[in-house]
Amino acid sequence: MRVSIDTLPGGANPNEDWVAGTPTLAIVLDGLSTAGLATGCRHGVPWYVAQLGGHLAAVLAEPERPLSSALAEALEQVAALHRECDLSNPGTPSATVAILRQRHGVLEHLVLADSPIVIEGPHDYTVISDLRVDSILPEMRAEVERHETHTPGHREALQSLVLAQRQVRNTHDGYWVASASPEAAEHALTGCIPLGEATSAAVMSDGVSRLVTEYEMADWPDVFATLRAGGPRALIDTVRKVEATDPTGRRWPRYKSGDDAAVAFCQW
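In short, a report on the structure. Remember, predicted model here, so these are calculated numbers, not experimental data. (Residues numbered from 1 in each chain as written. Predicted model: local features only at pLDDT ≥ 70, side-chain atom pairs only at ≥ 80, totals over all residues. Heavy atoms only, no water.)

### Structural notes on the overall build of the protein
The helix and strand tally for the protein stands at 6 helices and 10 strands. Overall size of the protein, expressed as C-alpha extent along the three principal axes, is 50 × 45 × 30 Å. Taken across its 268 residues, the protein has 51% of its residues classed as buried. Sequence separation of at least 24 residues holds for 70% of the intrachain contacts in the protein that already meet a minimum separation of 6. The averaged location of the 35 negative side-chain charges in the protein is 4 Å from the averaged location of its 21 positive side-chain charges. (Helix = DSSP H or I, 4+ residues; strand = E, 2+ residues; numbered from the N terminus. Buried < 20%, exposed > 50% of the residue type's maximum accessible area, 1.4 Å probe, protein only. Contact = heavy atoms within 4.5 Å. Lys, Arg positive; Asp, Glu negative; His and termini not counted. Charge placed at Lys NZ, Arg CZ, Asp CG, Glu CD.)

Quick look at the structure:
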């Protein structure tokens, strides 16, 4: 498996996405936005995703380790690094997780929250994503999208949404993300497909996949054609060019003008 990776921040703030690739593994993490609200942690989201990604890759150096078990251990390890922080705070740093691993003639996947894995087969595309968050607080999401980005109304609506999401995050009535508790790993979506059913695959944050799913300015064949021609950077650049035509979110209402973007492109 050949893996090429890239990631770029969506604006002037530090990048809260993280990506890594090896000859058998691709990992993408997308840190959840705090919307400027307190988290109870002095380290911040970029620190959290870097620590979680590094520990996860290290645990998965053992090729027989199940993906969900590896994620649970990595979550425990990172939590142990900052016990002095208030890890019970519902806004403690957290992230989506998407993992693709080649092992014993199959492709194993794990997805927790909305960073998708897209597998290109000989005849079609398979999208693996955890969209449970989309059903949470739809009225408040719509209120955010009613405002243009970079306006006081947008900022207030987004903060209200994030505060409400925190109350149901990692609960059985809400949705699950990687955070301070290893329990979240039990709620990840996992599975596998025969390696022969894949010609290539892309593991990405939703800052990239929205080119297809939200902006509808490309389809998956377009995405994979761009990846083959120019790699992950070319795909991220395509997303940025589209977003630049709508900087205030009039055409495509969204939480940020540009979201952090990360891609791991896998080829066989």
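### As for the sheet that holds strand β7 (residues 125–128)
Taken together, the 5 strands give an open sheet; going across it, the order is β1-β10-β9-β6-β7, and neighbouring strands pair in antiparallel fashion. Across the chains shown, the open sheet's two edge strands, defined by having one partner strand only, are β1 (2–8) and β7. Each strand axis lies, on average, 15 degrees off the axis of its neighbour in the sheet, ignoring direction. As judged from the 4 bridges shared by strand β6 (residues 117–120) and strand β9 (residues 200–204), these two strands associate in the antiparallel manner. Bridge assignment links E120 to a residue of β9, and that residue is S200. (Pairing = 2+ DSSP bridges. Axes fitted to C-alpha atoms, helices over the stretch in contact; angles between N-to-C directions.)

### A look at the sheet that holds strand β3 (residues 25–31)
Judged by pairing direction, the sheet is antiparallel, and its 5 strands sit side by side in the order β2-β3-β4-β5-β8 without closing on themselves. Of all the strands in the sheet, the pair left with one neighbour each is β2 (17–22) and β8 (189–194). This sheet shows a mean twist of 10 degrees between the axes of neighbouring strands, independent of strand direction. By the bridge criterion, 6 bridges tie strand β5 (residues 106–112) to β8 in an arrangement that is antiparallel. When the bridges of β8 are listed, V106 appears paired with P194. On top of the sheet, helix α1 (residues 45–59) reaches β2, β3 and β4 (95–103); it is set at about 160 degrees to β3, its chief contact.

### Things to note about the packing of helix α3 (residues 138–145) against helix α4 (residues 152–168)
Remark: α3 packs on α4, axes separated minimally by 8 Å, with the N-to-C direction vectors making an angle of 160 degrees. Viewed along their axes, α3 and α4 adopt a mutual orientation that is roughly antiparallel. Crossing of α3 over α4 shows left-handed handedness. In this structure, α3 uses M140, R141, E143 and V144 to contact α4, whose residues at the interface are H154, A157, L158, S160, L161, A164 and Q165. Residue classes in the contact of α3 with α4 are distributed as 6 nonpolar, 3 polar and 2 charged. (Parallel < 35°, antiparallel > 145°, perpendicular 65-115°, else oblique. Left-handed = near helix turned anticlockwise from the far one by under 90°. Nonpolar A, V, L, I, M, F, W, Y, C, P; charged D, E, K, R; others polar.)

### Some details on empty space enclosed by the protein
Enumeration over the complete set of coordinates arrives at 1 cavity of 30 Å³ or more. By volume, the largest cavity amounts to about 40 Å³. Residue lining of the largest cavity: L32, S33, T34, T39, V45, G91, T92, P93, S94, R166 and R169, and that is the complete set. Considering only residue class, the lining of the largest cavity consists of 3 nonpolar, 6 polar and 2 charged. (1 Å grid on protein atoms, 1.4 Å probe; cavity = no way out; pocket = protein on both sides within 12 Å on 5 of 7 lines; lining within 4 Å. Points joined across faces, edges and corners; volume = space filled by probe spheres on them.)

### Quick notes on the layout of surface pockets
Considering only enclosed or pocket space, the largest pocket measures out at about 860 Å³ in volume. For the lining of the largest pocket, the secondary-structure elements that each account for two or more residues are β3, α3, α4 and α5 (206–213). Here the residues of the lining of the largest pocket sort into 16 nonpolar, 7 polar and 13 charged. In this structure, the second largest pocket spans a volume of roughly 660 Å³. Lining the second largest pocket are 25 residues, and of these N13, S33, H150, Y255 and K256 lie nearest its centre. With 4 residues, α4 is the largest single contributor of residues to the lining of the second largest pocket. Here the lining of the second largest pocket is built from residues that sort into 6 nonpolar, 13 polar and 6 charged.

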